[in-house]
Amino acid sequence: MDNIKGIIDDIHKTIDNKNHWKNVVKEISKYCNGNSGGGASLIPLESNMIEWRYGSNDDKKADLLYYSHWREKSPMLDYVNRNINKDLFCLDDSFLSDDDINHHPFYQEFLKEFGVKRVHQILFKIEQGDRFILSVQSPWDDLDVNPKQINKKLREITPYIKNYLSIAFKFNSMNNTKKIFESLLEDMVCGIVFLNESNKIVHANKKMIDMQKYGLFIKNDVIVMPDNQSHYKFKLFLKQVEENPGKNFFKFYGKDGNLLSVRIIYFPEISQSIKNSDSTINKVVIFSPEFVSDNTENILKEFFLSPSQAKISCMLANGISIKEAAVKMNISEGTARQMVKEVFVRLGINSQNKLISFVKNISFMS
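Read on for an overview of the structure.

Conventions and cut-offs
- The residue numbering used here restarts from 1 in each chain and proceeds along that chain's sequence as written.
- Reporting of local features is limited, given that this is a predicted model, to residues whose pLDDT is at least 70; pairs of side-chain atoms are given and counted only at 80 or more, and all residues count toward the totals for whole chains, interfaces and linings.
- Hydrogens and water molecules were not included; the side-chain quantities draw on all heavy atoms of the structure.
- Counting from the N terminus, the helices are the DSSP runs of H or I reaching at least four residues and the strands are the DSSP runs of E reaching at least two.
- What makes two residues a contact is simply this: any of their non-hydrogen atoms within 4.5 Å.
- Methods summary: accessible areas were calculated by the Shrake-Rupley approach with a probe of 1.4 Å, and residue burial reflects only the protein chains presented.
- Side-chain atoms within 4.5 Å are what join buried Ala, Val, Leu, Ile, Met, Phe, Trp, Tyr and Cys residues into a set we call a nonpolar core.
- The cut-offs for exposure are 20% and 50% of the maximum accessible area for each residue type, with area from a 1.4 Å probe on protein chains only; residues under the lower value are buried, those over the upper are exposed, and the others partly exposed.
- Two strands are said to pair when DSSP picks up at least two bridges between them.
- Interaxial angles span 0 to 180 degrees and are taken between N-to-C directions of axes, which are lines fitted to C-alpha atoms, for helices over the stretch in contact.
- Every case where a carboxyl oxygen of Asp or Glu lies within 4 Å of a side-chain nitrogen of Lys or Arg is listed as a salt bridge.
- When two rings of Phe, Tyr or Trp (its six-membered ring) have centres within 6.5 Å they constitute a pair, described as stacked for plane angles under 30 degrees, edge-to-face for angles over 60, and tilted for the intermediate range.
- Any Lys NZ or Arg CZ that is within 6 Å of a ring centre and within 35 degrees of that ring's normal is treated as a charge sitting over the ring.
- Working rule for angles: under 35 degrees goes down as roughly parallel, over 145 as roughly antiparallel, 65 to 115 as roughly perpendicular, anything else as oblique.
- Asp, Glu, Lys and Arg are counted as charged, while Ala, Val, Leu, Ile, Met, Phe, Trp, Tyr, Cys and Pro are counted as nonpolar; the rest, among them Gly, fall into the polar class.

### Considerations on the overall build of the chain
Consideration 1: Helix and strand counts for the chain come out as 15 helices and twelve strands.
Consideration 2: In the chain, of all internal contacts separated by at least 6 residues, the share reaching a separation of at least 24 is 57%.
Consideration 3: Taken as a whole, the chain presents about 20000 Å² of accessible surface, with 50% of it coming from carbon and sulfur.

Encoded structure:
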């Protein structure tokens, strides 16, 4: 490749595919040296950044040797260390004579392994503060090496590398954060849906599949409620939350008669800054069953209450009155009320509302 525009285009491709650097450093070597001999390397100076080390040598073992071994032997190391905090520092080995190069252990090993002789380097720092060396090695049989010309080309390329590496770091960080966030969402006990400005689904966690038993479905990237009344109420709620983000909570009954709560988190600032994007998240909808399960009852029995106390506590949390609970448990209403009082003492609370909140918190954590 003999033009910088083609290299810049390929550097841009590394933003979302950093392994493309393998090809880019080969192109840089050819562009700077003017031929297909020699080589080039992108070398991060921070020890924890080895994943961003790329060289033009196809032998991965030999390629990494320069990063882990020969770099410490380089006669240019002292100059690099002296200028380590500069944003841009260009250096070649022209301060060495041919005799120095021929007898120096670094160049002897470098020539033997890579078939290159002269080394040209540019030290630069990206936006995040991480430091890199872009190294170009001239082939051993190139008698017309022009260090000034190579350094000039390195200076032309480096600003683009700095810019795109900075963007790639942000992209990589965002991508990792996105993966962690999505993994966290899949473990949530609630059904969670992300909507765009048109209230179409951008992403839904796996828990939404469980919501089908309550009559909640996803069809054509839209949330479908259990019946026409709740569906109309939900659509109206989506519109109202845009007008008044503070009114973001309502409840409805699923097809099995169980109560579910819905909370919507609205991002009006995104709506104003990014329009007509199918992938831009505009709202987050959280569906949470209002009843507690057998799993919650088991946890209460394991850690806090007796079996009968755990059972009546879960019944109260599910909206069943003490009188109804007594019938279901085949005990008298007086016994049931006494049992609830004993629960208050065990948990250190003094009201039925606090008991219900406690049980629902346990349910949510479970």
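After that view, the rundown keeps rolling.
### Concerning the nonpolar core
Consideration 1: Within the largest apolar cluster, 30 residues are counted, with the highest numbers of intra-cluster contacts made by Trp 21, Ile 28, Phe 132, Ile 161 and Leu 165.
Consideration 2: Sorting the residues of this core by element identifies α1 (4–13), α2 (21–33), β1 (39–44), β4 (116–125), β5 (131–139) and α7 (147–186) as the ones contributing at least two each.
Consideration 3: In terms of residue count, the dominant contributor to this core is α7 (eight residues).
Consideration 4: By size, the runner-up hydrophobic cluster in this structure holds 24 residues, among which are Leu 305, Ala 317, Ile 322 and Met 339.

### Regarding the sheet that holds strand β6 (residues 191–195)
Consideration 1: Taken in spatial order, the five strands line up as β7-β6-β12-β11-β10 in an open sheet, and their pairing is antiparallel. Each edge of the open sheet carries a strand with a single partner, namely β7 (201–204) and β10 (249–253). Neighbour-to-neighbour, the strand axes of the sheet open up by a mean angle of 20°, direction not taken into account.
Consideration 2: Bridge analysis of β6 against β7 gives three bridges, and the strand direction is antiparallel. Note that in β7 the partner of Phe 194 across the bridge is His 203.

### Focus on the pattern of salt bridges
Consideration 1: Within the structure shown, the criterion is met by nine salt bridges.
Consideration 2: Residue Asp 210 is joined to Lys 207 by a salt bridge in which the shortest nitrogen-to-oxygen separation is 3.2 Å. Within this pair, Asp 210 and its partner Lys 207 are both found in helix α8 (residues 207–210), separated by three residues, close to a single helical turn.
Consideration 3: Of the residues examined, Asp 210 reaches a relative accessible area of 34% and is grouped as partly exposed.
Consideration 4: The residue Lys 283 makes a salt bridge to Glu 242 at a minimum N-O spacing of 2.7 Å. With a gap of 41 residues between them, Lys 283 in strand β12 (residues 283–289) and Glu 242 in helix α9 (residues 228–243) connect regions that are remote in the sequence.

### Topic: the packing of aromatic side chains
Consideration 1: For the structure on display, the rule yields six aromatic pairs.
Consideration 2: Ring geometry for Phe 132 and Phe 169: centres 6.3 Å apart, planes at 80°, overall edge-to-face. Here Phe 132, found in strand β5, pairs with Phe 169, found in helix α7; they are 37 residues apart in sequence, far enough to count as distant.
Consideration 3: Taken together, the ring pairs in this structure connect Trp 52, Phe 124, Phe 132 and Phe 169 into an aromatic cluster.
Consideration 4: The residue whose ring lies beneath Lys 153 is Tyr 31, and the NZ or CZ to ring-centre distance is 4.9 Å.

### Let's talk about the pairing of β5
Consideration 1: With nine of nine residues buried, β5 is to be regarded as a mostly interior element.
Consideration 2: With six bridges connecting them, β1 and β5 associate as antiparallel partners. Within the sheet, the bridge partner assigned to Ser 41 lies in β5 and is Ser 135.

### Some words on the packing of helix α12 (residues 307–317) against helix α14 (residues 333–347)
Consideration 1: For the pair α12 and α14, interaxial distance at closest approach is 10 Å and the crossing angle is 95°. As far as their axial angle goes, α14 and α12 are roughly perpendicular. Between α12 and α14, the residues in contact are Ser 308, Gln 309, Ile 312, Ser 313 and Leu 316 and Ala 336, Met 339, Val 340, Glu 342, Val 343 and Arg 346, respectively.
Consideration 2: Each residue belonging to the contact of α12 with α14 can be placed in one class, and the counts come to six nonpolar, three polar and two charged.

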